[in-house]
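For reference, the chains in residue letters:
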2 protein chains.
Amino acid sequence: PNGLVNDISEFNEAVSNAQPGSVITLANGIWENTELVFQGKGTKEKPIILTVEDKGKVILSGTSNLQIAGEYLIVNGLVFKDGYTPTNAVISFRKNREELANNCRLTECVIDNYNNPERQVQDYWVTIYGKNNRIDHNHFAGKKNLGVTMIVGLDTEESRANNHSIDHNYFGPRPTYGNNGGETLRIGTSHHAMENSNTIVESNYFDRTNGEHEIISNKSGQNTFKYNTFFECTGTLTMRHGNETLVDGNVFIGNGKPSTGGVRVINESQTVINNYHIGLTGYRFRGAFVMMNGVPNSPPNRYVPVIDSKVDNNTFINCDHILFGAGNDAERSQAPKNSQFTNNIIYHEKDTNTIVFKDDGSGIIFKDNILNTNSTKNLNAGFEKADIQLIRNEQGFLIPVSEAIKEPISISSKIATKENTGTTWYSKEDQTITLNSGHVLVAEPGINTLYDVTKSSKPGDIITLRSGGEYILTKAAKVKHPLTFKTSGPNKATIFFERMMAFEIQDGGSLSLENIAFNGAKSPDYAGNSVIVTSKNSMLNNYKLFIEDCEFKNMVVNHSFDVLRAAKGTFADTISIQNSTFKNISGSITALDNETDDIGAYNVEYLIMKNNSISDVQGAALRLYRGGKDESTFGPFLEMEHNVFDHVGYGSKNKYKATVSLYGVQEIDIKNNIFKDSKAINMHLVVGEPIVKVLNNNFYNSEKLIVTGDQKYSVENTWDLEPKFK
Amino acid sequence: PNGLVNDISEFNEAVSNAQPGSVITLANGIWENTELVFQGKGTKEKPIILTVEDKGKVILSGTSNLQIAGEYLIVNGLVFKDGYTPTNAVISFRKNREELANNCRLTECVIDNYNNPERQVQDYWVTIYGKNNRIDHNHFAGKKNLGVTMIVGLDTEESRANNHSIDHNYFGPRPTYGNNGGETLRIGTSHHAMENSNTIVESNYFDRTNGEHEIISNKSGQNTFKYNTFFECTGTLTMRHGNETLVDGNVFIGNGKPSTGGVRVINESQTVINNYHIGLTGYRFRGAFVMMNGVPNSPPNRYVPVIDSKVDNNTFINCDHILFGAGNDAERSQAPKNSQFTNNIIYHEKDTNTIVFKDDGSGIIFKDNILNTNSTKNLNAGFEKADIQLIRNEQGFLIPVSEAIKEPISISSKIATKENTGTTWYSKEDQTITLNSGHVLVAEPGINTLYDVTKSSKPGDIITLRSGGEYILTKAAKVKHPLTFKTSGPNKATIFFERMMAFEIQDGGSLSLENIAFNGAKSPDYAGNSVIVTSKNSMLNNYKLFIEDCEFKNMVVNHSFDVLRAAKGTFADTISIQNSTFKNISGSITALDNETDDIGAYNVEYLIMKNNSISDVQGAALRLYRGGKDESTFGPFLEMEHNVFDHVGYGSKNKYKATVSLYGVQEIDIKNNIFKDSKAINMHLVVGEPIVKVLNNNFYNSEKLIVTGDQKYSVENTWDLEPKFK
Ligand SMILES: [Ca+2]
Ligand SMILES: [Ca+2]
């Protein structure tokens, strides 16, 4: 092929010799630890092209990256995977602060799971500087470490009012990061909030980009977001800073998934029109539509009040929350002004209070909005009730139809789909392997049989133990992929373990335990034992842990002996502990308080404890911590229902002096539990208007709730009755 | 050779076929991931022997280990290195709780730096069970992860009254572990404190086995320690539990090194005779000789009071501390009873108060002890002053000679030496490479020149920067071995960095920075930046960090931006920061508070801050944390002298609300500092009778000391004068 180069020195020579019209072609193969600097001057008619011998056969791996600097350069077909950038960016539209890229194009490139192994070390995948650059038809999937996937930088004059086009890109799944810094696209920063970026973001497909609250963090002026599709994204397109943003003709599909959101409006002269939203469940900052309160005389980098904004002709189908004046608090006390919410259609099949005012709505003109008749709540003038039918159009969207709707609702043919975005040659298929999707393997009772079968298992396998069998682990079983362990038969098999841990969940692992007894009688006499630990090395992949119908006992040492201990830098999507028994334990059941930097990080998204019997546990049975004041994330969520706590929390080494210690938890649901002879539930409520319900609990001869912090909570039906245990 | 086997299956077959008199010979080579179970029945006359083809040429590496079970088995010549055991022990004298080793011998084996990569994951190197086993002439050096090097287990009747002999072993250097669990030898556990072990520990050489307080933790009855040499060991032979111990004819050589100790007596009927101590500096629990107070009616696993103990004919030369009644507190209120301290010789070239009574000494008979005339303190009867000369004997020991000494002092010819212990064929040489021992490399100003030179450097190298040069790091420099960076010339070179960190100290690394300016102006706007970090993965090797004559400025982000941030699982021997300037920093200078498990772990042994100028630092300039109530370790030590703090600690995200936050620090020396417009010094004083001196400090318009906890401290000469800075 044209201008074939086989290694970095040939590449560098080709670059230095390149003239307008030159083509540099990377030879097929793995380019390991290769830092490419593509610098040159093409012309509009004769750009310089960096391409690949065969699409999909040129892989940049290890510590590779790309810098683009100059004029009229095109990069086409590079794939970054199996590695990470040693610098701040995988692909950068500049070489340094002085040498930028202008009139350049990045197309059909792929960055796939190209993550720093340290979850908490930051980098970007694409940093866009200069002007008039186009980023199109690329595929970016699986960012898991700290840092925004793509940014548009405005730090020098030469990068502002840039007219970049970001279009037809496929932004593939980005899992919950568990802290700030999980945005998919950010345009500008709070330092340059008043600058105009003039960037167009058009026809991109956002596929479960769930890193944090802000799928897109718009932080500059005069940007346009058109025809983008947000598929099951937990978060919103957020107009965080900057004015005169246009959000037009986008589609938000929630499919009823938790925390899915739409558009969030802050600042002045924003326009939100012709957008289509369906099945969005998010509340508060990730509602289907959110117009926030602002800070009076706000500096540009806080919350500029909403003024002169227009929200017109948007469609909301089965969306749970539309909020005006969100974030209203002592500082954000300024309600929206001089704005309009007009011609919008709001349909919900359930009779639900979709629209909520958190502050005075009088600064917003409501007019010609249409609600379906199910909606019984009396709203201001400006909302008309109508009989609405949903009819599926040829694109597959459910379209509201009614006599009251004069202008038929349509969705642009330019709307992004999974098919018309990204490349044609790089698969968008999901490769996640789930628990219980593999083969059944039998582990015979004995020493290290579980270790051996674990070692030879494949992802998704189910390992069955013999009914009543005795198993001893003298080596920790390393859970490297999703694995299920369960006793087949009526009598729980018993697992003893001689190491500090029975199971270590490693990066990529998930664990389900069913119908098994764990006995600590053969465990070492050392502080820090735990039945299950997560890897002490950072884990990029979120894990899941299910404990169902298990028994844990005789776990007493001179200090803590926990059931689960999560290391810093590890994050669980779900930890579910149900129908299990915990007896005689000197530590905690869940030690999820290891993110102590107080920057908003935490260890688990959903923690579910139901129908468990917990007795003689010396430590705080649950420890759950999220420090700092960041508002970028959703969790942790705690559901604690129908558990019995009997003599819990009394150990002299329980530093929380509590049965349950919750700090900064965002949603707390504690109901129908019995606490007998136990220490308190401590809750420190800060940040993010946490939703806290404590309902129908019995505290017999126990300390009760101790609540600190400045947030609201509700307590109902607290009893004080002596329970009779069998 | 006899019975040569080439792999694990041949080995297993040979073992199953072995008869009395059989020899199994491991073939030369690397045996990777090999778990040997050597089980069989030999006879006294015809043992079964496991040996190697050539000594030193058979290496067990990776996840290998050895279990010995049966009768009359001899293991000879195995070397474990480059790996770690997957189980609790590298070499175990049992297969499981039922199948033990009796009348077996482990000889001329080596375990060298065979450490779990996780510093905080526990294992033992040798676990001895059964009876009548001999462990002799082995070489054990470089244990760095959690866990005692060698234990004698007494958990079943079959392992008690065992008559094991542990003799002529070389216990090579074990660095400070920084938490409990760094013992070199433990006999028994607190659970079996009242059992007799009857183990003989004879003629072993302990070479800088500095893991923690207890070099030897004797936790059972009727053990004998004879002719062992303790060379520069920071800690003591501790009679932690059990009675009727004999400590006879041992040598303790301190060479004036900090924290070196001798024998510590607890419990009943202990005999400490004929021991020789020289140059021991340790105080409190690691004095040259310590007789502790006990707990009245103590359970066996607390502190049984000293009764009926005899301390006779011991020699102390230039030892700083001999304590009676040590540990006296509300719980340990029982002074020693019915004991004697007789015929001991105490010589010190300085006029020092060597002997201290922490409680009533009337339960101890003092008689015929001899002091040199320098000693001016009036002691009870029982101490005679004499003119003592020191004369070097033919073994090289300084022997006190005096007319008052009737019986000449001698040292047994059986005393352990480096030469008569361990093997003859495995080197005992020190392989540590120190800072500044390598070549000088020049780094030119520019982008990543420092990264490149760091990458190609060798251990000990000195990297010089150009006077006044500008250096930019867009990649973090990884410090994998000892390295020095310094500007050669009068004008400090400036280092900018674009990653979250400039330098990452990795396992095996140490760092010295001299005459360099660090500027945070190009660092990312993200919480968690730090000029220097330690690896987020556990570091087995303790590191050193020296900062001398450097400047740090413009390090402001919306949250913490630190100078040094130490990760959990990393430990510094020394961090020294001197003659440097810190200005305009949003975080801390040293964030050494990441061991939050409260089990006694901490991040640094010696922290030294002298002659620094610290202004506009928003966080707590120093954060130093050691949680829990463990008494097994020495540090952290803090020396803070002659620093100026100007407007420090006022950041809203400073969770300590202090300029200096010290928690559980064991020795604090704060003198001649100026604090202007700054927050307080917070000190939480717990555990271990910390030594705290705050002297000659000026607190102008600043908060002063805030002290919590239950320990003593002294404050002298606090001023409140307005300083004039130029
Ligand atoms: Ca964010
Ligand atoms: Ca200890």
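As the structure is a prediction and not an experimental result, all values here were calculated from the model. (Residues numbered from 1 in each chain as written. Chains lettered and ligands numbered in written order. Predicted model: local features only at pLDDT ≥ 70, side-chain atom pairs only at ≥ 80, totals over all residues. Heavy atoms only, no water.)

Trainee: How do you make sense of the overall build of chain A when you look at a structure like this?
Mentor: Counting secondary structure elements, chain A contains two helices and 72 strands. Scaling as 2.2 N^0.38, a compact globule of 726 residues should have a C-alpha radius of gyration of about 27 Å, and chain A matches this with 28 Å. Along the longest, intermediate and shortest principal axes, the C-alpha atoms of chain A span 80 × 70 × 45 Å. Of the contacts made within chain A by residues no fewer than 6 positions apart, 74% connect residues no fewer than 24 positions apart. Carbon and sulfur atoms make up 46% of the accessible area of chain A, which amounts to about 25800 Å² in all. Side chains of chain A carry 71 positive and 83 negative charges; the gap between the two charge centres is 3 Å. (Helix = DSSP H or I, 4+ residues; strand = E, 2+ residues; numbered from the N terminus. Rg over C-alpha atoms; globule rule 2.2 N^0.38 Å. Contact = heavy atoms within 4.5 Å. Areas by Shrake-Rupley, 256 points an atom, 1.4 Å probe, with all protein chains shown as cover. Lys, Arg positive; Asp, Glu negative; His and termini not counted. Charge placed at Lys NZ, Arg CZ, Asp CG, Glu CD.)

Trainee: How do you make sense of the sheet that holds strand β48 (residues 477-479) of chain B when you look at a structure like this?
Mentor: Each strand in a sheet pairs with another by means of backbone hydrogen bonds, the pair being arranged parallel or else antiparallel. All names here are of chain B. Spatially, the nine strands line up as an open sheet ordered β48-β51-β54-β57-β60-β63-β66-β69-β71, and their pairing is parallel. A strand with exactly one partner marks an edge of an open sheet, and here the two such strands are β48 and β71 (705-709). Pairs of neighbouring strands in the sheet enclose a mean axial angle of 20°, with direction left out of account. In this sheet, strand β63 (residues 622-625) lies alongside strand β60 (residues 590-592) in parallel orientation, the contact comprising three bridges. The residue bridging Thr 590 from the neighbouring strand is Leu 622, located in β63. (Pairing = 2+ DSSP bridges. Axes fitted to C-alpha atoms, helices over the stretch in contact; angles between N-to-C directions.)

Trainee: Mind showing me how you'd approach the environment of Ala680(A) here?
Mentor: Residues and elements named next belong to chain A. Position of Ala 680 among the secondary structure elements: in strand β69 (residues 680-685). Sequence spacing of Ala 680 and Thr 659 is 21 residues, and the spatial spacing of their C-alpha atoms is 5.5 Å. For Ala 680, the contacting residues outside a window of four places in its chain are Ala 658, Thr 659, Val 660, Glu 703, Lys 704 and Ile 706.

Trainee: I tried to follow the coordination of the calcium ion (ligand 2) on my own but got confused; where do I start?
Mentor: Four donors placed tetrahedrally around a metal ideally meet at 109.5 degrees, and six donors placed octahedrally ideally meet at 90 or 180 degrees. Residues and elements named next belong to chain B. Around the calcium ion (ligand 2), the protein contributes the donor atoms Asn 180 (OD1), Glu 183 (OE), Glu 212 (OE), Glu 212 (OE), Glu 214 (OE) and Ser 632 (OG), at 2.3 to 2.9 Å from the metal centre. One can describe the site at the calcium ion (ligand 2) as irregular: its six donor atoms subtend angles covering 50 to 161° at the metal. Of note, the calcium ion (ligand 2) draws all its donor residues from one chain, in the sequence arrangement N-x2-E-x28-E-x1-E-x417-S. Of the two residues, Glu 212 sits in the loop between β22 (205-207) and β23 (214-219) while Ser 632 sits in the loop between β63 and β64 (637-641), which places them 420 residues apart along the sequence. (Donors = N, O, S within 2.8 Å, 3.2 Å for Na, K, Ca; no water. Tetrahedral: all angles 85-135°; square planar, octahedral: opposite > 155°, others 65-115°.)

Trainee: Any chance you could explain the coordination of the calcium ion (ligand 1) here in plain terms?
Mentor: Residues and elements named next belong to chain A. Protein coordination at the calcium ion (ligand 1): the donors are Asn 180 (OD1), Glu 183 (OE), Glu 212 (OE), Glu 212 (OE), Glu 214 (OE) and Ser 632 (OG), at 2.4 to 2.9 Å from the metal. Taken together, the six donor atoms coordinating the calcium ion (ligand 1) and their angles of 50 to 159° define a geometry best described as irregular. Read N to C, the donor residues that coordinate the calcium ion (ligand 1) are spaced as N-x2-E-x28-E-x1-E-x417-S. Each member of the pair, Glu 212 as well as Glu 214, carries the same accessibility label: buried. (Buried < 20%, exposed > 50% of the residue type's maximum accessible area, 1.4 Å probe, protein only.)

Trainee: Please explain the environment of Val23(A) as it appears in this structure.
Mentor: Looking at where Val23(A) falls in the secondary structure, it is placed in strand β2 (residues 23-26). For the pair Val23(A) and Pro1(A), spaced 22 residues apart in the sequence, the C-alpha separation amounts to 9.3 Å.

Trainee: Even after reading the chapter, I still don't get the sheet that holds strand β48 (residues 477-479) of chain A, so can you show me in this structure?
Mentor: Residues and elements named next belong to chain A. The sheet built from nine strands is open, its strands ordered β48-β51-β54-β57-β60-β63-β66-β69-β71 with parallel pairing. Every other strand in the sheet has two partners, leaving β48 and β71 (705-709) as the edge strands with one partner each. Strand-to-strand twist across the sheet, computed as the mean angle between neighbouring axes with direction ignored, equals 20°. Here strand β66 (residues 658-663) runs beside β69; their pairing, made up of five bridges, is parallel. By the bridge assignment, Ala 658 is partnered in β69 with Ala 680.

Trainee: Whenever I open this one, the interface of chain A and chain B confuses me. Can you help?
Mentor: Between chain A and chain B, the residue contacts involve 40 residues of the former and 40 residues of the latter. The junction of chain A with chain B conceals about 3600 Å² of combined surface from both sides, 43% of it contributed by carbon and sulfur atoms. On the chain A side of the interface with chain B, the three residues burying the most area are Arg499(A), Tyr526(A) and Lys536(A), jointly 18% of the side's total. At the junction of chain A with chain B, the criterion picks out six salt bridges. Salt-bridge contacts for Asp597(A) lead to Arg565(B); the nearest nitrogen and oxygen are separated by 3.7 Å. Scanning the region where chain A abuts chain B turns up 20 residue pairs in polar contact (both at pLDDT 80 or more). When its residues are assigned to classes, the side of chain A that touches chain B shows 11 nonpolar, 15 polar and 14 charged. (Buried area = accessible area lost by both parts, 1.4 Å probe. Salt bridge = Lys/Arg side-chain N within 4 Å of Asp/Glu carboxyl O. Polar contact = N/O pair within 3.5 Å; in protein donor to acceptor, adjacent residues only side chain to side chain. Nonpolar A, V, L, I, M, F, W, Y, C, P; charged D, E, K, R; others polar.)

Trainee: I would appreciate a short explanation of unusual backbone geometry in the present structure.
Mentor: Leave glycine aside and you will find that most residues have negative phi; peptide bonds, for their part, are mostly trans. Here the bond from Gly635(A) into Pro636(A) is cis, since omega is -5°, no more than 30 degrees from zero. Backbone geometry places Asn267(B), a non-glycine residue, at a positive phi of 80°. Tracing the sequence through the fold places Asn267(B) in the loop between β29 (263-265) and β30 (271-273). Phi is positive for Arg284(B), close to 55°, though the residue is something other than glycine. In this structure, Arg284(B) sits in the loop between β31 (276-278) and β32 (289-292).

Trainee: I would appreciate a short explanation of the nonpolar core in the present structure.
Mentor: Nonpolar side chains in soluble globular proteins tend to end up buried together. In terms of nonpolar packing, the biggest core is built from 73 residues, with Phe38(A), Ile68(A), Leu78(A) and Phe289(A) touching the most fellow members. In this structure Phe289(A) touches Val263(A), Val265(A), Val272(A), Val311(A), Phe316(A), His321(A), Ile322(A), Leu323(A), Phe324(A) and Phe341(A), once residues within four positions along its chain are discounted. Core analysis: the next-biggest nonpolar cluster, separate from the first, contains 72 residues, Val5(B), Ile135(B), Phe341(B) and Leu371(B) among them. (Core = buried A, V, L, I, M, F, W, Y, C linked by side-chain atoms within 4.5 Å.)

Trainee: How should I be thinking about the relation of the copies chain A and chain B in this particular structure?
Mentor: Taken together, a rotation about one axis and a shift along it account for how the two chain copies relate. Rotating chain A by 180° and translating it 0.0 Å along the rotation axis places it on chain B, where the RMSD comes to 0.1 Å. Taken together, the turn and the small shift mark the pair as related by a two-fold rotation axis. Among all residues of chain A, the minimum C-alpha distance to the rotation axis is found for Asn537(A), at 2.8 Å. Of all interface residues in chain A, 98% are interface residues in chain B too; the two copies therefore contact each other through one and the same surface. (Least-squares fit on C-alpha atoms with pLDDT ≥ 70 in both.)

Trainee: Explanation requested: the pattern of salt bridges in the structure shown.
Mentor: When the charged atoms of two side chains lie near each other, side chains of opposite charge can form a pair. Residues and elements named next belong to chain B. Applying the stated criterion across every chain yields a total of 74 salt bridges over all chains. Put simply, Glu 108 and Lys 55 hold a salt bridge, and the shortest N to O gap is 3.4 Å. Highlighted residues: Glu 108 in the loop between β12 (105-107) and β13 (110-112) and Lys 55 in the loop between β5 (48-52) and β6 (58-62), separated in sequence by 53 residues. Lys 583 is paired through a salt bridge with Asp 616; the nearest N and O atoms lie 3.2 Å apart. Pair noted here: Lys 583 is in strand β59 (residues 581-585) and Asp 616 is in strand β62 (residues 613-617), with a separation of 33 residues, a long-range link. With relative accessibility at 40%, the residue Lys 583 sits in the partly exposed group.

Trainee: Please explain the pairing of strand β32 (residues 289-292) of chain A as it appears in this structure.
Mentor: Regular strands have side chains that alternate between both faces of the sheet. All names here are of chain A. Of the two faces of β32, the one holding Phe 289 and Met 291 and the one holding Val 290 and Met 292 are both buried throughout. Here strand β29 (residues 263-265) runs beside β32; their pairing, made up of three bridges, is parallel. Directly across from Val 265, in β32, lies its bridge partner Met 291.

Trainee: Just checking my understanding: could you explain the state of the cysteines for this structure?
Mentor: Summed over the entire model, instances satisfying the criterion amount to zero disulfides over all chains. Unpaired in this structure, Cys319(B) has its nearest cysteine sulfur neighbour in Cys233(B), at a distance of 13 Å. (Disulfide = S-S within 2.5 Å.)

Trainee: I keep staring at the environment of Tyr347(B) and nothing clicks. Help me out?
Mentor: Residue and element names in this part refer to chain B. With respect to the helices and strands, Tyr 347 occurs in strand β37 (residues 345-347). Judged by its relative accessible area of 14%, Tyr 347 falls in the buried class. The sequence separation of Tyr 347 and Thr 51 amounts to 296 residues, and the corresponding C-alpha distance is 48 Å. Leaving out residues up to four positions away in the same chain, Tyr 347 has contacts with Phe 316, Ile 317, Asn 318, Cys 319, Asn 372, Ile 388 and Leu 390.

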